[in-house]
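# Structural features, examined
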Amino acid sequence: MYFAGGCVSCTAAIETASEGSDLSALETALMLAERSQLAYFLKRTTWYKQAKERHKKLRRLSLVTKTEKLHPKHVREIRRYTRPHAAVRDTLVATYILLGEPPDQLKWREVRALLSMPGSDSIMERIKNNHLEDLDEERVQRAAALLGNFRWEEVRAVSIAAGAFYQWSKEVVENFQNSQATPADPTLKEEEPKEENVA
């Protein structure tokens, strides 16, 4: 498919990134397409919609990859803490906020109880089955505020296990924020380009 101007490079970049499973390159290419003068037409093409679906899948895969760095031994280690360092506490509270737990009910006693949950209710399984689409801005902001109290290096220095959860939570927050950078609101009708009358 051919588009005039700079959109030729946009379409080529999107197709190349999609085929190569390059999440970062695909996000950049989609952003350029959405900011182009022909964005109105681009968003209505089949290949663009397929690229957006591919982007969703790659984003989920990215989170799964982060999950693989977590291990049950990390859960066992943190569960033993009775009076954790603030870096550990804030990281685990942020993680559970992202997993859907009520922020106001996440005292350390409740966190330890959640860490003891088995099967599909375990933190490892919940992380594996977590989807970015289930999050909302308020929840992400509260988690981000807690994560912002420490850098990853500081958390990991206190607890390698907490550092692994920090990495996952930070990735979720950043992915959500990136997905909101150019929000597509279905309630807003996009204005069609006006045709100019040439005298």
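What follows deals with the nonpolar core. One finds Ile 78, Leu 92, Tyr 96 and Ile 123 to be the most contacted residues of the largest nonpolar core, which totals 36 residues. Mapped onto this core, the elements with two or more residues apiece are α5 (72–79), α6 (86–98), α7 (108–115), α8 (123–128), α9 (137–147) and α11 (160–179). Excluding residues that lie within four positions of it along the chain, Ile 123 makes contacts with Val 75, Leu 92, Thr 95, Tyr 96, Leu 99, Leu 115 and Phe 165.

Considered for burial, the residues of α5 that qualify are His 74, Val 75 and Ile 78. Down the axis of α5, the smallest arc covering the buried residues is 100 degrees, so these residues share one side. Taken together, the buried residues of α5 touch α6, α7, α8 and α11.

A few words on the packing of α5 against α11. A pair of packed helices can be characterised by two numbers: the angle between their axes and the separation between those axes. It is the contact of α5 with α11, at a shortest axis distance of 8 Å, that shows an interaxial angle of 120 degrees. Judged by the sense of rotation from one axis to the other, the crossing of α5 with α11 is left-handed. In contact with His 74, Val 75, Glu 77 and Ile 78 of α5, α11 contributes Ile 160, Ala 161, Ala 162, Ala 164 and Phe 165. Grouping the constituent residues of the contact of α5 with α11 by class yields seven nonpolar, one polar and one charged.

Time to look at the environment of Gln 180. Within the secondary structure, Gln 180 is located in the segment after α11. C-alpha of Gln 180 to C-alpha of Glu 137: the two residues are 43 residues apart in sequence and 8.9 Å apart in space.

Moving on, we get to the side chain of Thr 95. Summarising the element assignment, Thr 95 is placed in helix α6. In this structure Thr 95 comes out as buried when scored by relative accessible area, which is 0%. In terms of polar contacts, Thr 95 uses its side chain to reach the side chain of Ser 169, at 2.7 Å. Beyond its immediate stretch of four places on either side in the chain, Thr 95 contacts Ile 123, Ile 127, Phe 165, Trp 168 and Ser 169.

Moving on: α6. When the terminal C-alpha atoms of α6 are compared, their 18 Å separation across 13 residues agrees well with the 18 Å that a helix rising 1.5 Å per residue should span. The element α6 is largely enclosed, with a buried count of eleven among its 13 residues. For α6, the set of buried residues is Ala 87, Val 88, Asp 90, Thr 91, Leu 92, Val 93, Ala 94, Thr 95, Tyr 96, Ile 97 and Leu 98. Considering only its buried residues, α6 is in contact with α5, α7, α8, α9, α10 (152–158) and α11.

Calculation notes
Residue indices begin from 1 for each chain and proceed along its sequence in written order. Local features in this predicted model are restricted to residues of pLDDT 70 or higher, and side-chain atom pairs are both shown and tallied only at a pLDDT of 80 or more, whereas totals for entire chains, interfaces and linings draw on every residue. The side-chain numbers reported here are obtained from all heavy atoms of the structure, hydrogens and water having been left aside. Buried Ala, Val, Leu, Ile, Met, Phe, Trp, Tyr and Cys residues that are joined via side-chain atoms within 4.5 Å together make up what is termed a nonpolar core. Only protein chains enter the accessibility calculation, which uses a 1.4 Å probe. A residue is then buried if its area is under 20% of the maximum for its type, exposed if over 50%, and partly exposed in between. Only DSSP runs of H or I covering at least 4 residues are called helices, and only runs of E covering at least 2 are called strands; the numbering of each starts at the N terminus. Between two residues, a contact is recorded if the distance between any of their heavy atoms is within 4.5 Å. This arc describes the spread of directions from the helix axis toward the C-beta atoms. Each axis is a line fitted through C-alpha atoms, and for a helix only the stretch in contact is used; angles between axes span 0 to 180 degrees, taken between their N-to-C directions. If you view the pair so one helix is near and one far, a crossing is left-handed when the near helix is turned anticlockwise from the far one by less than a right angle, and right-handed when it is turned clockwise. Classification convention: Asp, Glu, Lys, Arg as charged; Ala, Val, Leu, Ile, Met, Phe, Trp, Tyr, Cys, Pro as nonpolar; all other residues, Gly among them, as polar. Think of a polar contact as two N or O atoms within 3.5 Å of one another; within protein, one of them needs to be a possible hydrogen donor and the other a possible acceptor, and neighboring residues in sequence only count if both atoms come from side chains. The length a helix should cover is 1.5 Å for every residue beyond the first.

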